[in-house]
Amino acid sequence: MASLRIRNLLRFSIHGTLLSSSPLRPGFSGSSRSYSVVESSKHFLLKSDDEEIFALRRKFEAAKQSFLSIPDALREMPKMNPKGIYVNKNVRLDQLQVYGFDYDYTLAHYSSDLQTLIYDLAKEYLVNELRYPEVCTSFKYDPTFPIRGLYYDKSKGCLMKLDFFGSIEPDGCFFGRRRLSHTEIRDIYGTRHIGRDHARSLVGLMDFFCFSEACLLADIVQYFVDAKLEFDASYIYEDVIRAIDHVHRSGLVHRGILSDPHRYLVKNLFICGQIFQGKILRYLKMLRERGKKLFLLTNSPYYFVDGGMRFMLEDSLDCRDSWTELFDVVIAKANKPQFYTSEHPFRCYDTKNDTLTFTKVDEFLPDKIYYHGCLKSFLQITKWNGPESEIQIQNEDTYRSEQAKLHIIQELLGKLHATASSSSRTTAFNSLLEELNEERQKARSKMKMMFNRSFGATFLASTGQESAFAYNIHQYADVYTSKPENFLLHSPEAWLHVPFDVKIMPHHVKVPSSLFKTG
């Protein structure tokens, strides 16, 4: 704005000199008169800027006073439901005919003791099998340290949180258990933003089993630092992953959970003075009654899933011993994520003899359990079809036309706003602005109807930007919620819509600044 004013004022001073009734003489006198006009214009400009600064100062002081108490209007804003269904993309439940479920952290939920169990078993493997120092057995899992969605740098040994755009959180980068300063981050990475070269060495810790993994990585790094031992950060990662993978694949974790299910499995939830149980069972039954197809797809072995389901449904006598009848297909030891890209065949599992049969699986029979397999064979056998490809929609001429129109309108709007300040907008300006905004809204509406997609994310970083974990949720999840039984709050024929005012994630509350008086 200041540069615009200077340009206009300088133009006026030149015009004033040329149109003056006094004769202009070449040399010092002529230039002196023009110089005096410019000087007075600059004085006026400085005075005007000072007035704006003083006005902003008054608003800031008024805002600080308003911050001393919470406005009533803010208290009255609606609360977000922790059990709500939050929508990233428009979904019509009445058109969904197939529902897939995982076991861990979907049908079964665990107490915080599970992370301690995994951590302890993994550190014992590191010491007993990989010959890590005996002192590592004294490490304790710290539930207050890790969060979901961290990244470990295999080349530098840093454990960090990234925002939506791939920048390191200023206070969220650790080397071992020590928080790195801003200067140390710049010394290591040159900048807070993780470039393409550095990104290749990052591994994401995204699932619910990552807490123990993140804590163990940091503790091992800290040990080597304290002991002043040289180490390769990638070796530590490979060893920790090997240990974590071992305790899962060997069945140590599964046997530990089944040996004390009351400690590790969350059977009943105590909410608002009442015990709620069997909601997931009611939800599964309701879907079956509506004619939906249900399947269970888990990496866990059958005996572990069976033991957990029997424990959780032991108060439901009609389903305890026949829980598999809730599903059209039950697939265990699926080896996800390779399940989605491999061509591994399905094997039928003999539950009585704990063996795999040798007959070819070309159909899924009721009350049978299947192991391994792949998505390609799954779709061929079931004939269940997925939703229309998003790429196909993006390739359509109608979509591309509206997309190009939107880009042009956005560019024109940007240029229009750059032509004048808000105080000098003319009728012609306002008329064009209104027409462009209307056309932009039409383009957005048409694209939404064609694509039914809303971009968003899930968790905010401390800077106010979204975390990198939010990117993963946004990319892969149509809807997200804490537990599948939360869908009982919606009819199976419900249309789940993206909130019209969503900016990043639908569960984030947008608090308008107008709630605070700023003068």
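Calculation rules
- Residues numbered from 1 in each chain as written.
- Predicted model: local features only at pLDDT ≥ 70, side-chain atom pairs only at ≥ 80, totals over all residues.
- Heavy atoms only, no water.
- Buried < 20%, exposed > 50% of the residue type's maximum accessible area, 1.4 Å probe, protein only.
- Helix = DSSP H or I, 4+ residues; strand = E, 2+ residues; numbered from the N terminus.
- Pairing = 2+ DSSP bridges.
- Salt bridge = Lys/Arg side-chain N within 4 Å of Asp/Glu carboxyl O.
- Axes fitted to C-alpha atoms, helices over the stretch in contact; angles between N-to-C directions.
- Parallel < 35°, antiparallel > 145°, perpendicular 65-115°, else oblique.
- Left-handed = near helix turned anticlockwise from the far one by under 90°.
- Contact = heavy atoms within 4.5 Å.
- Nonpolar A, V, L, I, M, F, W, Y, C, P; charged D, E, K, R; others polar.
- Expected span 1.5 Å × (residues − 1).
- Disulfide = S-S within 2.5 Å.

Draft legend 1. Spatial organisation of the pairing of strand E4 (residues 150-153). Burial along E4 is two-sided: Leu150 and Tyr152 facing one way and Tyr151 and Asp153 facing the other are all buried. Relative to strand E8 (residues 202-205), E4 runs antiparallel, the two being bridged by 4 bridges. By the bridge assignment, Tyr152 is partnered in E8 with Val203. Where E4 and strand E5 (residues 158-162) come together, 2 bridges link them in antiparallel fashion. Its bridge partner being in E5, Tyr152 is matched across the sheet by Leu159.

Draft legend 2. Representation of the pattern of salt bridges. A full pass over the atoms with the stated rule returns 11 salt bridges. Lys123 is paired through a salt bridge with Asp120; the nearest N and O atoms lie 3.4 Å apart. Of the two residues, Lys123 and Asp120 are both situated in helix H4 (residues 113-128); the distance of 3 residues between them amounts to about one turn of the helix. A relative accessible area of 6% means that Lys123 is categorised as buried. The salt bridge partner of Asp142 is Arg177, with a shortest N-O separation of 2.7 Å. A residue pair is termed long-range when its members are at least 10 positions apart, and Asp142 in the loop between H4 and E4 and Arg177 in the loop between strand E6 (168-175) and strand E7 (178-179) qualify at 35 residues. Taken together, the shared-partner salt bridges connect Asp142, Arg177 and Asp219 into one network.

Draft legend 3. Molecular detail of the packing of helix H9 (residues 252-259) against helix H12 (residues 302-312). At a closest axis distance of 10 Å, the pairing of H9 and H12 adopts a crossing angle of 20°. By the angle class used here, H9 and H12 are roughly parallel. You can see that H9 and H12 cross each other, and the crossing is left-handed. Residue-level inspection shows His254, Arg255, Ile257 and Leu258 of H9 in contact with H12, the latter providing Tyr303, Phe304, Gly307 and Gly308. Across the contact of H9 with H12, the residue classes break down as 4 nonpolar, 3 polar and 1 charged.

Draft legend 4. Main features of the sheet that holds strand E11 (residues 293-297). Pairing in this open sheet of 6 strands is mixed, and the strands run E3-E11-E12-E15-E13-E14 from one edge to the other. Two strands bound the open sheet, and with one partner strand each, they are strand E3 (98-101) and strand E14 (355-356). Summarising the sheet, E3 and E11 pair through 4 bridges and their orientation is parallel. Its bridge partner being in E11, Phe101 is matched across the sheet by Leu296. Across the sheet, helix H11 (residues 279-289) lies against E3 and E11, angled at about 155° from E3, the strand it touches most. Helix H13 (residues 375-382) contacts E11, strand E12 (329-332) and strand E13 (346-350) of the sheet and is inclined by roughly 80° relative to E13.

Draft legend 5. Spatial organisation of the packing of H4 against H9. For the pair H4 and H9, the least separation of the axes is 10 Å and the interaxial angle reads 140°. With respect to H9, the element H4 is oriented oblique. Like other packed secondary-structure pairs, H4 and H9 cross with a definite hand, here right-handed. Residue-level inspection shows Leu114, Leu117, Ile118 and Leu121 of H4 in contact with H9, the latter providing Leu252, Val253, Gly256 and Ile257.

Draft legend 6. Spatial organisation of the sheet that holds E5. Pairing in this open sheet of 5 strands is antiparallel, and the strands run E7-E6-E5-E4-E8 from one edge to the other. The sheet is open, and its two borders are formed by E7 and E8, each paired with just one other strand. Helix H5 (residues 182-189) rests against E4, E5, E6 and E7 of the sheet, and its axis sits at about 80° to E6.

Draft legend 7. Structural view of helix H7 (residues 210-226). With 17 residues, H7 should cover 24 Å at 1.5 Å per step; its first-to-last C-alpha distance of 24 Å lies within 8% of that length. Counting buried residues along H7, 15 of its 17 residues qualify, which places the element largely inside the surrounding structure. At the exit of H7 stands Lys228, carrying a positive phi of roughly 55°.

Draft legend 8. View of unusual backbone geometry. Following Lys336, the chain continues into Pro337 via a peptide bond in cis, with omega recorded as 10°. Among the secondary structure elements, Pro337 is positioned in the loop between E12 and E13. For Arg131, which is not a glycine, the phi torsion comes out positive at approximately 60°. By the element assignment, Arg131 lies in the loop between H4 and E4.

Draft legend 9. Expanded view of the state of the cysteines. Under the counting rule described, the total for this entry stands at 0 disulfides. Cys173 forms no disulfide, and the closest cysteine sulfur to it belongs to Cys158, at a distance of 4.3 Å.

Draft legend 10. How the structure looks around the environment of Gly195. Take Gly195: it is sitting in the loop between H5 and helix H6 (196-199). Judged by its relative accessible area of 26%, Gly195 falls in the partly exposed class. For Gly195 and Ser167, which are 28 residues apart along the polypeptide, the C-alpha to C-alpha distance reads 8.9 Å.

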